[in-house]
Amino acid sequence: MDNVTFGTTMLVAGMGGTLLTLWIMSLIMTILDKVFPYKEEEEGKKES
Amino acid sequence: MLEAILNGLSGLTMGFQHLLLDWRGLVMIIVGCVLLYLGIRKDCEPLLLVPIGFGCILVNVPLSDVMLKDGFLRVIYDAGVATELFPLLIFIGIGAMTDFGPVLAQPRTFLLGAAGQFGIFLTLLLALALGFPKLDAVSIGIIGACDGPTAIYVTSKYAPHLLGAVAVAAYSYMALVPIIQPPIMKFLTTDAERNIVMKYTARPVSRTTRLLFPLVITIAGGCIAPKGLPLLGSIMLGNLMRESGVVARLTKASENEIANVVTLFLGLAIGATMSGPAFIRAETLIVLGLGFLAICLDTVCGILFAKWMNVMSREKINPLIGAAGISAFPMAARVAQKEGYRYNRKSHLLMHAMGANAGGQVGSVIAAAVMLSVLAGMGIIG
């Protein structure tokens, strides 16, 4: 594989893949936060 | 008898003779001393630069056998660097130390952690253009992760001959973030942008979310980029131990005793790769130059991405926090806070920048994992 093909693939797949993966992870975090919202009782438990 | 005594005494001068015969060893001893100076007097990443500097001196003392078969640094190198064990153990400690709360509270800052990795890929292209072989270019690009253990993990596996230069570049530039970033931040932002005040209301995150985060990220990230699973898994294991709160002894050991011992061994082993003949080459200077460029490009891309988010988002984002999307934690966040406060005394960017910075920590690991998986997909690595 020549360097131009390799570089372009790394740029597109690597950079795109990183962005896509972190976007998916931010979505997962948003969903987790919606499904398991913070409740005041947790604070109460901590204090007790 | 006199001859025997003279021969015996000549053995004591052999080291000096070799020192004069090969000047490269002497130069590297000076380099080792400079690293020690930076660590001890300038407080520049001393935990790493002191053992690296000393390892560098040890391996360059003439007739030194520390890196020959069964030499004590060779044993340490083979046990922990060649096997990639040390960076992973350090990652468990990093995971145990890191609070991902700020990024969990504002998941969109995770994207800034992705933008902060773009320098890796742009530097990879530059290294290829300069004629470096593919895997060497990958290892040089990874300096842009601004993450020592990730850089060491990738380089020790795919370009071990560059390990010394890459590790020194990664750790030195990480320490220089407060000097490297501010001019770029100023150059790329307008007065109006630097003055944007971002409101922060502490939004607590539930314990369940905190516990599920490392698990879900490991499984999802592992499925997307299985080649990087050891990196991702180790940092998330540390974080799970921290958040679970039930293995306080293991968490404490990971972030203190284990991390400290491994840091010592890792530093010595990296220093030991810096022998004169292997290190004094034009290639090393180019690697150091490209590493510097990688971190500048990370900062540029992070700020530009934050500017783009600012245009796209209803809620205004101060582009300075884009510079925090790198792995130097929490240094980069502090730089964003300091710079924001310098331009507007009402601006407190720290918690927003901490989110981007925590995203940058995960982002650097993900970028390395994605890169390795793309390489595997292309059949370049096994």
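Definitions and limits used
- Residues numbered from 1 in each chain as written.
- Chains lettered and ligands numbered in written order.
- Predicted model: local features only at pLDDT ≥ 70, side-chain atom pairs only at ≥ 80, totals over all residues.
- Helix = DSSP H or I, 4+ residues; strand = E, 2+ residues; numbered from the N terminus.
- Rg over C-alpha atoms; globule rule 2.2 N^0.38 Å.
- Buried ≥ 20, exposed ≤ 12 C-beta atoms within 10 Å, placed from the backbone.
- Contact = placed C-beta atoms within 7 Å.
- Nonpolar A, V, L, I, M, F, W, Y, C, P; charged D, E, K, R; others polar.

Student: Which parts of the structure should I look at to understand the overall build of chain B?
Tutor: If you tally the helices and strands in chain B, you get 20 helices and zero strands. For a compact globule of 382 residues, the expected C-alpha radius of gyration is about 21 Å, and chain B comes in at 22 Å, within 12% of that figure. Across the 382 residues in chain B, those meeting the buried criterion constitute 54%.

Student: Explain the environment of Leu112(B) to me, please; I cannot follow it from the model alone.
Tutor: One can find Leu112(B) in helix 7 (residues 109–115). Each C-alpha atom, one on Leu112(B) and one on Thr263(B), is 29 Å from the other, the two residues being 151 residues apart in sequence.

Student: Got a minute to help me understand the environment of Val246(B) in this structure?
Tutor: All names here are of chain B. Inspection of the secondary structure puts Val246 in the loop between helix 15 (229–244) and helix 16 (248–271). Here Val246 falls in the exposed class, since 8 other C-beta atoms lie within 10 Å of it. Linking Val246 and Gly131, residues 115 residues apart in sequence, is a C-alpha distance of 51 Å.

Student: What's the story with unusual backbone geometry in this structure? I'm lost.
Tutor: Across residues other than glycine, the phi torsion is negative in most instances, and most of the peptide bonds are trans. All names here are of chain B. Looking along the chain, the bond that leaves Phe329 and enters Pro330 is cis, with omega of 0°. Among the secondary structure elements, Pro330 is positioned in the loop between helix 18 (282–312) and helix 19 (331–343). A positive phi angle, near 45°, is found at Glu45, a position not held by glycine. Relative to the elements of secondary structure, Glu45 occurs in the loop between helix 2 (23–40) and helix 3 (46–60). Judged by local crowding, Glu45 falls into the buried class, with 22 C-beta atoms found within 10 Å. Its identity is not glycine, yet Leu63 carries a phi of approximately 65°, on the positive side. Residue position: Leu63 is located in the loop between helix 3 and helix 4 (72–81).

Student: What should I look at first to understand the interface of chain B and chain A in this one?
Tutor: Often, the extent of an interface is quoted as the loss of accessible area on bringing the components together. Taken together, the contact between chain B and chain A spans 35 residues of the former and 29 residues of the latter. In terms of residue count, helix 14 (residues 207–224) of chain B provides more of the side of chain B that touches chain A than any other element does, ten residues in total. Taken together, the residues of the side of chain B that touches chain A break down into 25 nonpolar, seven polar and three charged.

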